[in-house]
Amino acid sequence: IRRLGCAVPPVWGVESDLIQIALNLLVNAVQASENAVEIEVEVAPAAGGVALCVRDRGDGIAPQSLPHLFDPFFTTKPPGTGTGLGLSLSYDLARRNGGRLEASNRSDGGAAFCLWLPAAEGEGESGR
């Protein structure tokens, strides 16, 4: 985990929802990385909110799979190892919290999943 030292604004969200999303993204990244687990986690200000990005060094996402990643019961894992509900649930939780979840392939290999949440309005220096 790399700490960049930049301040991020607070966000409003249901804590258990945000934990579930982060956990799903991290578990998927570990599983995609197979033996050489190298995962980057970044939290940074982005477009009026905050982005949590999880990047792995796996094989990346097949082009034909990209449009279906967030569909319920869609999985690229072998039979018996995934339900195909983790990313679908995470996508719905992100939307329920006013954000979005996106997936892409890294130009240097692997996949990237980014959760964006809007910054909380009316937050003072002391927080809530």
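Note that the structure is predicted; figures quoted are calculated from it, not measured.

Asks: Could you clarify how one ought to interpret the sheet that holds strand β4 (residues 111–118) in this entry?
Replies: Pairing between sheet strands relies on hydrogen bonds along the backbone, with the strands arranged either parallel or antiparallel. Overall, antiparallel pairing links the 4 strands, which are arranged β1-β2-β4-β3 in an open sheet. The open sheet has two free edges, formed respectively by β1 (40–46) and β3 (100–105), since each of these has just one partner strand. In this sheet, neighbouring strand axes are inclined to one another by 20° on average, regardless of whether the strands run parallel or antiparallel. Relative to β4, strand β2 (residues 49–55) runs antiparallel, the two sharing 7 bridges. Looking at β4, one finds that A51 is bridged to W116. Contacting β1, β2, β3 and β4, helix α1 (residues 15–33) runs over the sheet at an angle of about 25° to β2. With respect to the sheet, helix α2 (residues 86–96) is in contact with β3 and β4, its orientation differing from that of β3 by roughly 135°.

Asks: Hey, could you run me through the layout of surface pockets in this one?
Replies: The gaps left among the atoms become clear once a water-sized probe is rolled over them. Here the largest pocket defines a volume of roughly 640 Å³. Considering the residues around the largest pocket, the lining is formed by 30 residues, among which N28, A32, T76, K77 and L87 are closest to the centre. Elements with a contribution of two residues or more to the lining of the largest pocket: α1, α2 and β4. Counting residues per element, the lining of the largest pocket draws most heavily on α1, which supplies 7 residues. Looking at the lining of the largest pocket residue by residue, the classes come out as 13 nonpolar, 13 polar and 4 charged. If you add up the space inside the second largest pocket, you get close to 220 Å³. What lines the second largest pocket is a set of 14 residues, and nearest its centre among them are V11, L18, V50, L52 and L117. When residues of the lining of the second largest pocket are assigned to their parent elements, the largest contribution, 4 residues, is made by α1.

Asks: Please clarify how the confidence of the model for the chain should be interpreted in this entry.
Replies: The predicted structure's coordinates, where accompanied by low pLDDT, should not be read in detail. For the chain, per-residue confidence averages 88 on the pLDDT scale, and residues scoring 70 or more make up 91% of the total. Of the regions scoring below 50 in pLDDT, residues 124–128 engages in 2 contacts with residues more than four places distant in sequence or in other chains.

Asks: Explain unusual backbone geometry to me, please; I cannot follow it from the model alone.
Replies: Backbone phi values are negative for most residues with the exception of glycine, while trans is the configuration of most peptide bonds. Phi is positive for A47, close to 45°, though the residue is something other than glycine. Along the chain, A47 falls in the loop between β1 and β2. What makes A47 exposed here is its relative accessible area of 70%. Phi at F73 takes a positive value of approximately 70°, unusual for a residue other than glycine.

Calculation criteria
- Residues numbered from 1 in each chain as written.
- Predicted model: local features only at pLDDT ≥ 70, side-chain atom pairs only at ≥ 80, totals over all residues.
- Heavy atoms only, no water.
- Pairing = 2+ DSSP bridges.
- Helix = DSSP H or I, 4+ residues; strand = E, 2+ residues; numbered from the N terminus.
- Axes fitted to C-alpha atoms, helices over the stretch in contact; angles between N-to-C directions.
- Contact = heavy atoms within 4.5 Å.
- 1 Å grid on protein atoms, 1.4 Å probe; cavity = no way out; pocket = protein on both sides within 12 Å on 5 of 7 lines; lining within 4 Å.
- Points joined across faces, edges and corners; volume = space filled by probe spheres on them.
- Nonpolar A, V, L, I, M, F, W, Y, C, P; charged D, E, K, R; others polar.
- pLDDT = per-residue confidence, 0-100.
- Buried < 20%, exposed > 50% of the residue type's maximum accessible area, 1.4 Å probe, protein only.

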